[in-house]
Amino acid sequence: MEKSKMLLVGLGQGAGNIVDGLLSKNSSYNGLFFNSSSLDIKPLKNANIGKNVYLYPGTDGSGRDRKRSKEMIKDNANAIGTLLKKYSQTEVMVIFTSFAGGTGSGAIKTFIQIATSAIPTTKINIVGILPSLSEDQLAFKNTLECWNDINSIMDLTNDIKFVDNNKRNAYSEINKEVVESLDLAYNLMGVHGDGNIDKKDSFRINTADGVGIVLKLYEGLKDARTAIDFSIKNSVFAQPDIYDCDYLGVNLKVDSYDSNEIAKCFEVYKSTYTTYNNSFNVVVLGGCETPTESIKLIKLALDDRSKREHSRGKIRSVIIDFDDDSDDLEANETLEFSFE
Ligand SMILES: Nc1nc2c(ncn2[C@@H]2O[C@H](COP(=O)(O)OP(=O)(O)OP(=O)(O)O)[C@@H](O)[C@H]2O)c(=O)[nH]1
Ligand SMILES: [Mg+2]
(Lines give C-alpha, C1' and ligand atoms only; values in the text may rest on other atoms or scores of the structure.)
(Ligands and ions follow the chains in the order given, each with its own letter.)
Protein backbone atom coordinates (compact mmCIF):
# COMPACT_ATOMS: atom_id res chain seq x y z
CA MET A 1 0.00 0.00 0.00
CA GLU A 2 1.16 3.51 -0.80
CA LYS A 3 1.23 5.26 2.59
CA SER A 4 1.04 8.73 1.10
CA LYS A 5 -2.28 7.65 -0.47
CA MET A 6 -3.69 6.39 2.81
CA LEU A 7 -5.79 8.63 5.03
CA LEU A 8 -6.17 7.51 8.65
CA VAL A 9 -9.20 9.09 10.28
CA GLY A 10 -9.75 9.03 14.06
CA LEU A 11 -13.34 9.66 15.17
CA GLY A 12 -13.40 10.37 18.92
CA GLN A 13 -10.86 9.71 21.64
CA GLY A 14 -9.97 5.98 21.64
CA ALA A 15 -9.71 6.06 17.85
CA GLY A 16 -7.56 9.20 17.98
CA ASN A 17 -5.12 7.48 20.33
CA ILE A 18 -4.53 4.68 17.81
CA VAL A 19 -4.22 7.00 14.80
CA ASP A 20 -1.74 9.06 16.82
CA GLY A 21 0.31 5.91 17.46
CA LEU A 22 0.38 5.04 13.75
CA LEU A 23 1.49 8.56 12.80
CA SER A 24 4.28 8.35 15.40
CA LYS A 25 5.37 5.04 13.89
CA ASN A 26 5.43 6.35 10.35
CA SER A 27 4.97 9.97 9.33
CA SER A 28 4.19 9.07 5.70
CA TYR A 29 0.58 8.28 6.61
CA ASN A 30 -1.92 11.12 6.28
CA GLY A 31 -3.97 11.53 9.44
CA LEU A 32 -7.07 13.47 10.45
CA PHE A 33 -8.61 13.74 13.91
CA PHE A 34 -12.32 14.48 14.37
CA ASN A 35 -13.74 15.22 17.80
CA SER A 36 -16.34 17.14 19.76
CA SER A 37 -13.94 17.83 22.64
CA SER A 38 -10.57 19.58 22.56
CA LEU A 39 -9.60 17.73 25.76
CA ASP A 40 -9.52 14.43 23.83
CA ILE A 41 -7.14 15.95 21.30
CA LYS A 42 -4.70 17.66 23.66
CA PRO A 43 -2.56 14.63 24.65
CA LEU A 44 -2.03 13.52 21.04
CA LYS A 45 1.51 14.08 19.72
CA ASN A 46 0.58 14.28 16.06
CA ALA A 47 -2.64 16.27 16.22
CA ASN A 48 -2.20 19.93 15.30
CA ILE A 49 -5.18 22.24 15.51
CA GLY A 50 -5.33 24.17 12.26
CA LYS A 51 -3.59 21.35 10.38
CA ASN A 52 -5.13 17.91 10.86
CA VAL A 53 -7.83 18.35 13.52
CA TYR A 54 -11.51 19.00 12.98
CA LEU A 55 -13.27 20.05 16.18
CA TYR A 56 -17.01 20.55 15.95
CA PRO A 57 -17.39 24.25 16.74
CA GLY A 58 -19.10 25.15 20.02
CA THR A 59 -19.24 21.62 21.47
CA ASP A 60 -17.73 20.00 24.53
CA GLY A 61 -17.99 16.25 24.07
CA SER A 62 -21.16 14.21 23.56
CA GLY A 63 -21.40 12.77 27.08
CA ARG A 64 -21.43 9.26 25.52
CA ASP A 65 -24.62 10.26 23.70
CA ARG A 66 -24.78 8.82 20.18
CA LYS A 67 -27.88 10.83 19.30
CA ARG A 68 -26.11 14.06 20.16
CA SER A 69 -23.13 12.93 18.09
CA LYS A 70 -25.39 12.26 15.08
CA GLU A 71 -26.79 15.79 15.33
CA MET A 72 -23.28 17.22 15.58
CA ILE A 73 -21.92 15.46 12.50
CA LYS A 74 -25.01 16.35 10.46
CA ASP A 75 -24.53 20.03 11.39
CA ASN A 76 -20.92 19.77 10.21
CA ALA A 77 -21.44 17.58 7.12
CA ASN A 78 -20.71 20.26 4.53
CA ALA A 79 -17.52 21.44 6.20
CA ILE A 80 -16.30 17.84 6.65
CA GLY A 81 -17.03 17.03 2.99
CA THR A 82 -15.07 20.11 1.90
CA LEU A 83 -12.14 19.13 4.13
CA LEU A 84 -12.08 15.53 2.83
CA LYS A 85 -12.09 16.72 -0.79
CA LYS A 86 -8.61 18.14 -0.11
CA TYR A 87 -7.48 14.50 0.20
CA SER A 88 -8.87 13.42 -3.17
CA GLN A 89 -5.66 11.44 -3.93
CA THR A 90 -6.67 8.99 -1.16
CA GLU A 91 -6.85 5.36 -2.29
CA VAL A 92 -7.68 3.90 1.12
CA MET A 93 -9.37 5.74 3.95
CA VAL A 94 -9.11 3.86 7.23
CA ILE A 95 -11.76 5.11 9.66
CA PHE A 96 -11.12 4.34 13.32
CA THR A 97 -13.79 4.54 16.01
CA SER A 98 -14.64 3.08 19.36
CA PHE A 99 -18.11 1.53 19.43
CA ALA A 100 -18.92 2.17 23.09
CA GLY A 101 -18.48 5.96 23.32
CA GLY A 102 -20.63 8.74 21.88
CA THR A 103 -18.75 10.96 19.43
CA GLY A 104 -17.11 8.32 17.22
CA SER A 105 -19.77 5.65 17.60
CA GLY A 106 -22.63 7.99 16.67
CA ALA A 107 -20.75 9.62 13.80
CA ILE A 108 -19.31 6.71 11.83
CA LYS A 109 -22.28 5.92 9.59
CA THR A 110 -22.77 9.54 8.50
CA PHE A 111 -19.01 10.01 8.22
CA ILE A 112 -18.76 7.10 5.77
CA GLN A 113 -21.62 8.52 3.73
CA ILE A 114 -19.90 11.93 3.60
CA ALA A 115 -16.52 10.32 2.77
CA THR A 116 -17.82 8.22 -0.11
CA SER A 117 -19.52 11.18 -1.70
CA ALA A 118 -16.48 13.46 -1.17
CA ILE A 119 -14.00 10.89 -2.57
CA PRO A 120 -16.04 8.33 -4.56
CA THR A 121 -12.95 6.37 -5.68
CA THR A 122 -11.53 5.62 -2.22
CA LYS A 123 -11.75 2.28 -0.49
CA ILE A 124 -13.26 2.55 2.99
CA ASN A 125 -11.68 0.42 5.71
CA ILE A 126 -12.88 0.45 9.31
CA VAL A 127 -11.03 -0.30 12.53
CA GLY A 128 -13.64 -0.56 15.28
CA ILE A 129 -12.88 -0.91 19.00
CA LEU A 130 -15.24 -3.28 20.83
CA PRO A 131 -15.62 -2.72 24.60
CA SER A 132 -14.47 -5.20 27.20
CA LEU A 133 -17.23 -7.22 28.88
CA SER A 134 -16.46 -5.46 32.16
CA GLU A 135 -17.74 -2.12 30.84
CA ASP A 136 -21.19 -0.71 31.60
CA GLN A 137 -24.67 -1.01 30.14
CA LEU A 138 -24.41 2.21 28.12
CA ALA A 139 -21.15 1.00 26.56
CA PHE A 140 -22.90 -2.21 25.39
CA LYS A 141 -25.98 -0.37 24.13
CA ASN A 142 -23.86 2.14 22.18
CA THR A 143 -21.83 -0.75 20.73
CA LEU A 144 -24.87 -2.65 19.45
CA GLU A 145 -26.37 0.50 17.93
CA CYS A 146 -23.05 1.31 16.24
CA TRP A 147 -22.83 -2.26 14.94
CA ASN A 148 -26.29 -1.94 13.36
CA ASP A 149 -25.41 1.45 11.87
CA ILE A 150 -22.33 0.01 10.15
CA ASN A 151 -24.18 -3.09 9.01
CA SER A 152 -26.84 -0.90 7.37
CA ILE A 153 -24.18 0.59 5.03
CA MET A 154 -21.96 -2.48 4.64
CA ASP A 155 -21.93 -2.07 0.84
CA LEU A 156 -20.00 1.22 1.23
CA THR A 157 -17.21 -0.48 3.19
CA ASN A 158 -14.31 -2.81 2.37
CA ASP A 159 -11.98 -4.24 5.04
CA ILE A 160 -13.17 -4.15 8.67
CA LYS A 161 -11.08 -5.01 11.71
CA PHE A 162 -12.46 -5.31 15.21
CA VAL A 163 -10.19 -4.54 18.16
CA ASP A 164 -11.21 -6.55 21.23
CA ASN A 165 -10.65 -4.62 24.47
CA ASN A 166 -10.98 -7.88 26.46
CA LYS A 167 -7.59 -9.01 25.19
CA ARG A 168 -5.33 -6.88 27.44
CA ASN A 169 -5.67 -5.06 30.74
CA ALA A 170 -4.70 -1.55 29.68
CA TYR A 171 -5.63 0.56 26.66
CA SER A 172 -1.95 1.40 26.19
CA GLU A 173 -1.10 -2.31 25.71
CA ILE A 174 -3.98 -2.81 23.26
CA ASN A 175 -3.13 0.34 21.32
CA LYS A 176 0.54 -0.61 21.04
CA GLU A 177 -0.35 -4.04 19.64
CA VAL A 178 -2.92 -2.61 17.22
CA VAL A 179 -0.46 -0.01 15.93
CA GLU A 180 2.29 -2.61 15.43
CA SER A 181 0.00 -5.09 13.68
CA LEU A 182 -1.63 -2.54 11.38
CA ASP A 183 1.71 -1.03 10.42
CA LEU A 184 3.02 -4.52 9.56
CA ALA A 185 -0.10 -5.28 7.50
CA TYR A 186 0.10 -2.01 5.56
CA ASN A 187 3.84 -2.74 4.99
CA LEU A 188 3.26 -6.25 3.71
CA MET A 189 5.30 -5.67 0.54
CA GLY A 190 8.56 -7.52 -0.06
CA VAL A 191 10.96 -8.52 -2.83
CA HIS A 192 12.70 -11.91 -2.68
CA GLY A 193 13.92 -14.58 -5.12
CA ASP A 194 11.19 -16.95 -3.93
CA GLY A 195 8.30 -14.47 -4.17
CA ASN A 196 7.29 -10.82 -4.21
CA ILE A 197 4.40 -8.92 -2.70
CA ASP A 198 4.03 -5.57 -4.44
CA LYS A 199 1.95 -2.53 -3.50
CA LYS A 200 -1.00 -3.65 -5.63
CA ASP A 201 -1.02 -7.11 -3.99
CA SER A 202 -0.88 -5.55 -0.53
CA PHE A 203 -3.70 -3.19 -1.51
CA ARG A 204 -5.84 -6.13 -2.68
CA ILE A 205 -5.28 -8.08 0.55
CA ASN A 206 -5.74 -5.08 2.85
CA THR A 207 -8.91 -3.77 1.20
CA ALA A 208 -10.77 -7.01 0.44
CA ASP A 209 -14.47 -6.92 1.32
CA GLY A 210 -14.93 -8.60 4.70
CA VAL A 211 -13.08 -8.89 7.96
CA GLY A 212 -9.31 -8.56 7.99
CA ILE A 213 -7.02 -10.45 10.34
CA VAL A 214 -3.36 -9.72 11.11
CA LEU A 215 -1.28 -12.43 12.79
CA LYS A 216 2.16 -11.57 14.06
CA LEU A 217 4.13 -14.80 14.45
CA TYR A 218 6.70 -15.16 17.22
CA GLU A 219 9.97 -16.82 16.39
CA GLY A 220 11.24 -20.07 17.85
CA LEU A 221 7.97 -21.98 18.18
CA LYS A 222 7.88 -25.67 17.26
CA ASP A 223 6.27 -25.31 13.83
CA ALA A 224 4.07 -23.09 11.68
CA ARG A 225 0.78 -24.47 13.06
CA THR A 226 1.88 -23.82 16.64
CA ALA A 227 3.00 -20.29 15.74
CA ILE A 228 -0.35 -19.53 14.07
CA ASP A 229 -2.37 -20.95 17.01
CA PHE A 230 -0.31 -18.95 19.50
CA SER A 231 -0.73 -15.77 17.49
CA ILE A 232 -4.52 -16.25 17.22
CA LYS A 233 -4.73 -16.71 20.98
CA ASN A 234 -2.67 -13.57 21.62
CA SER A 235 -4.25 -11.37 18.98
CA VAL A 236 -5.90 -8.11 20.07
CA PHE A 237 -8.33 -8.40 17.16
CA ALA A 238 -11.70 -10.18 17.45
CA GLN A 239 -11.37 -13.55 15.72
CA PRO A 240 -13.83 -15.28 13.35
CA ASP A 241 -15.02 -18.87 13.96
CA ILE A 242 -13.40 -20.11 10.76
CA TYR A 243 -10.34 -18.88 8.90
CA ASP A 244 -11.67 -18.94 5.34
CA CYS A 245 -10.53 -15.87 3.40
CA ASP A 246 -10.35 -14.39 -0.07
CA TYR A 247 -6.70 -13.34 0.07
CA LEU A 248 -3.76 -14.49 2.14
CA GLY A 249 -0.52 -12.52 2.42
CA VAL A 250 2.50 -14.12 4.07
CA ASN A 251 5.75 -12.25 4.74
CA LEU A 252 8.24 -14.44 6.64
CA LYS A 253 11.70 -14.02 8.01
CA VAL A 254 14.11 -16.06 5.89
CA ASP A 255 14.76 -19.53 7.41
CA SER A 256 11.99 -19.29 10.01
CA TYR A 257 8.64 -20.98 9.27
CA ASP A 258 7.65 -23.00 6.21
CA SER A 259 5.32 -20.86 4.05
CA ASN A 260 3.51 -23.93 2.66
CA GLU A 261 2.72 -25.10 6.18
CA ILE A 262 1.35 -21.63 6.95
CA ALA A 263 -0.84 -21.63 3.83
CA LYS A 264 -2.27 -25.03 4.85
CA CYS A 265 -3.74 -23.44 8.01
CA PHE A 266 -6.26 -21.43 5.94
CA GLU A 267 -8.81 -21.96 3.20
CA VAL A 268 -8.05 -19.31 0.56
CA TYR A 269 -10.69 -18.69 -2.12
CA LYS A 270 -8.83 -16.25 -4.38
CA SER A 271 -5.04 -15.78 -4.09
CA THR A 272 -2.11 -16.39 -1.78
CA TYR A 273 0.92 -14.10 -1.90
CA THR A 274 4.23 -14.96 -0.23
CA THR A 275 7.50 -13.11 0.28
CA TYR A 276 10.44 -13.08 2.72
CA ASN A 277 12.40 -10.51 4.73
CA ASN A 278 15.19 -10.40 7.32
CA SER A 279 13.37 -9.35 10.49
CA PHE A 280 9.69 -10.25 11.08
CA ASN A 281 6.89 -12.77 10.45
CA VAL A 282 3.41 -11.56 9.55
CA VAL A 283 0.34 -13.19 8.04
CA VAL A 284 -2.56 -11.07 6.76
CA LEU A 285 -5.97 -12.46 5.82
CA GLY A 286 -8.43 -10.39 3.76
CA GLY A 287 -12.12 -11.09 3.19
CA CYS A 288 -12.87 -13.29 6.23
CA GLU A 289 -16.27 -13.73 7.81
CA THR A 290 -17.58 -11.44 10.55
CA PRO A 291 -16.72 -12.43 14.17
CA THR A 292 -20.36 -12.63 15.25
CA GLU A 293 -19.46 -14.41 18.50
CA SER A 294 -17.89 -11.22 19.92
CA ILE A 295 -21.00 -9.13 19.26
CA LYS A 296 -23.31 -11.86 20.60
CA LEU A 297 -21.36 -11.81 23.87
CA ILE A 298 -21.90 -8.05 24.14
CA LYS A 299 -25.66 -8.53 23.58
CA LEU A 300 -25.72 -11.22 26.30
CA ALA A 301 -23.80 -8.92 28.67
CA LEU A 302 -26.32 -6.12 28.01
CA ASP A 303 -29.28 -8.45 28.64
CA ASP A 304 -27.68 -9.65 31.87
CA ARG A 305 -27.05 -6.10 33.16
CA SER A 306 -30.60 -5.01 32.24
CA LYS A 307 -32.09 -8.02 34.02
CA ARG A 308 -30.08 -7.29 37.15
CA GLU A 309 -31.08 -3.64 37.08
CA HIS A 310 -34.78 -4.53 36.82
CA SER A 311 -34.60 -6.89 39.79
CA ARG A 312 -32.70 -4.38 41.90
CA GLY A 313 -35.61 -2.62 43.73
CA LYS A 314 -33.51 0.34 44.83
CA ILE A 315 -34.53 1.65 48.29
CA ARG A 316 -33.81 5.27 49.18
CA SER A 317 -35.97 6.17 52.17
CA VAL A 318 -35.52 4.07 55.32
CA ILE A 319 -37.17 5.26 58.55
CA ILE A 320 -36.13 3.35 61.68
CA ASP A 321 -38.76 2.41 64.28
CA PHE A 322 -37.70 2.83 67.93
CA ASP A 323 -38.38 -0.15 70.26
CA ASP A 324 -39.47 1.97 73.27
CA ASP A 325 -42.85 2.94 71.75
CA SER A 326 -41.99 6.60 72.12
CA ASP A 327 -43.52 8.46 69.23
CA ASP A 328 -40.83 9.99 67.11
CA LEU A 329 -42.94 12.92 66.23
CA GLU A 330 -40.48 14.63 63.95
CA ALA A 331 -39.89 11.64 61.68
CA ASN A 332 -43.60 10.91 61.28
CA GLU A 333 -44.68 14.47 61.00
CA THR A 334 -45.91 15.57 57.60
CA LEU A 335 -45.71 19.25 57.10
CA GLU A 336 -47.79 20.85 54.43
CA PHE A 337 -46.82 24.11 52.90
CA SER A 338 -48.92 26.25 50.77
CA PHE A 339 -47.66 29.21 48.81
CA GLU A 340 -49.73 32.06 47.56
N1 LIG B 1 -8.34 0.19 22.84
C2 LIG B 1 -8.73 1.38 23.31
N3 LIG B 1 -10.00 1.57 23.65
C4 LIG B 1 -10.37 2.78 24.12
C5 LIG B 1 -9.44 3.82 24.33
N6 LIG B 1 -10.10 4.89 24.84
C7 LIG B 1 -11.39 4.52 24.93
N8 LIG B 1 -11.58 3.24 24.50
C9 LIG B 1 -12.85 2.51 24.32
O10 LIG B 1 -13.76 3.48 23.84
C11 LIG B 1 -14.84 3.65 24.70
C12 LIG B 1 -15.11 5.12 24.92
O13 LIG B 1 -15.09 5.78 23.71
P14 LIG B 1 -14.25 7.09 23.39
O15 LIG B 1 -13.46 6.80 22.16
O16 LIG B 1 -13.55 7.61 24.57
O17 LIG B 1 -15.50 8.02 23.06
P18 LIG B 1 -15.63 9.25 22.08
O19 LIG B 1 -15.83 8.77 20.67
O20 LIG B 1 -14.54 10.23 22.32
O21 LIG B 1 -17.06 9.81 22.53
P22 LIG B 1 -17.53 10.62 23.85
O23 LIG B 1 -18.37 9.63 24.59
O24 LIG B 1 -18.33 11.73 23.26
O25 LIG B 1 -16.31 11.09 24.57
C26 LIG B 1 -14.46 2.96 25.98
O27 LIG B 1 -15.62 2.45 26.55
C28 LIG B 1 -13.50 1.88 25.53
O29 LIG B 1 -14.22 0.74 25.10
C30 LIG B 1 -8.07 3.59 23.96
O31 LIG B 1 -7.17 4.42 24.06
N32 LIG B 1 -7.80 2.34 23.46
MG1 LIG C 1 -14.53 11.75 23.85
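Look above for the structure.
Here is what the cut-offs are and how they apply
- Residues numbered from 1 in each chain as written.
- Chains lettered and ligands numbered in written order.
- Predicted model: local features only at pLDDT ≥ 70, side-chain atom pairs only at ≥ 80, totals over all residues.
- Heavy atoms only, no water.
- Helix = DSSP H or I, 4+ residues; strand = E, 2+ residues; numbered from the N terminus.
- Buried < 20%, exposed > 50% of the residue type's maximum accessible area, 1.4 Å probe, protein only.
- Contact = heavy atoms within 4.5 Å.
- Lys, Arg positive; Asp, Glu negative; His and termini not counted.
- Charge placed at Lys NZ, Arg CZ, Asp CG, Glu CD.
- Near = heavy atom within 4 Å.
- Polar contact = N/O pair within 3.5 Å; in protein donor to acceptor, adjacent residues only side chain to side chain.
- Areas by Shrake-Rupley, 256 points an atom, 1.4 Å probe, with all protein chains shown as cover.
- 1 Å grid on protein atoms, 1.4 Å probe; cavity = no way out; pocket = protein on both sides within 12 Å on 5 of 7 lines; lining within 4 Å.
- Points joined across faces, edges and corners; volume = space filled by probe spheres on them.
- Nonpolar A, V, L, I, M, F, W, Y, C, P; charged D, E, K, R; others polar.
- Core = buried A, V, L, I, M, F, W, Y, C linked by side-chain atoms within 4.5 Å.
- Salt bridge = Lys/Arg side-chain N within 4 Å of Asp/Glu carboxyl O.

## Structural notes on the overall build of the protein chain
Right, so step 1: When helices and strands are tallied, the protein chain shows 12 helices and 10 strands.
Right, so step 2: By principal-axis analysis of the C-alpha atoms, the protein chain measures approximately 95 × 50 × 35 Å.
Right, so step 3: Relative to its full complement of 340 residues, the protein chain shows a buried share of 51%.
Right, so step 4: Across the protein chain, the fraction of contacts at a sequence separation of at least 24, relative to all contacts at a separation of at least 6, is 75%.
Right, so step 5: For the protein chain, the distance from the average site of its 39 positive side-chain charges to the average site of its 48 negative ones is 9 Å.

## Things to note about the site of ligand 1
Right, so step 1: Around ligand 1, a shell composed of 20 residues is seen, among which S62, S98, T103, E135 and N175 lie nearest.
Right, so step 2: Here an oxygen atom of ligand 1 and a side-chain polar atom of S62 are 2.6 Å apart.
Right, so step 3: N175 places a side-chain nitrogen or oxygen 2.8 Å from a nitrogen atom of ligand 1.
Right, so step 4: Out of a free accessible area of 650 Å², ligand 1 has 89% covered by protein chains.

## Overview of the layout of surface pockets
Right, so step 1: In this model, the largest pocket occupies a volume close to 530 Å³.
Right, so step 2: Lining the largest pocket are 28 residues, and of these Q13, G14, S98, A100 and G101 lie nearest its centre.
Right, so step 3: Residue assignment for the lining of the largest pocket shows that the elements contributing at least two residues are α1 (13-25), α5 (103-118), β5 (123-130) and α7 (171-186).
Right, so step 4: Top contributing element to the lining of the largest pocket by residue count: α1, with 4 residues.

## Focus on empty space enclosed by the protein
Right, so step 1: Under the criterion given, the structure shown has 1 cavity of 30 Å³ or more.
Right, so step 2: In this structure, the largest cavity spans a volume of roughly 100 Å³.
Right, so step 3: Taken together, R168, E177, S181, V214, L215, K216, Y218, S231, N234, S235, V236 and F237 make up the full set of residues lining the largest cavity.
Right, so step 4: Looking at the lining of the largest cavity element by element, the count peaks at 3 residues for strand β7 (residues 210-216).
Right, so step 5: Taken together, the residues of the lining of the largest cavity break down into 5 nonpolar, 4 polar and 3 charged.

## A look at the nonpolar core
A general feature of soluble globular proteins is that nonpolar side chains tend to end up buried together.
Right, so step 1: Counting 61 residues, the largest nonpolar core has L84 and F111 as its most contacted members.
Right, so step 2: If we ignore the near neighbours within four places in the chain, the residues touching L84 are L7, L32, F34, M93, F111, I114, A115, A118 and I119.
Right, so step 3: Counting 38 residues, the second-largest nonpolar core is a separate cluster that includes V127, V163, V179 and L182.

## Quick word on the pattern of salt bridges
Right, so step 1: Counted according to the given criterion, the structure contains 18 salt bridges.
Right, so step 2: With its nearest N and O atoms 3.9 Å apart, the salt bridge here joins E91 to K5. With E91 in the loop between α4 (77-85) and β4 (92-98) and K5 in the segment before β1 (6-11), the pair connects residues that are 86 residues apart, well separated along the chain.
Right, so step 3: Each member of the salt-bridge network shares a partner with another, and the members are R66, K70, K141, E145 and D149.

Function cannot be read off these values alone, since they describe shape.
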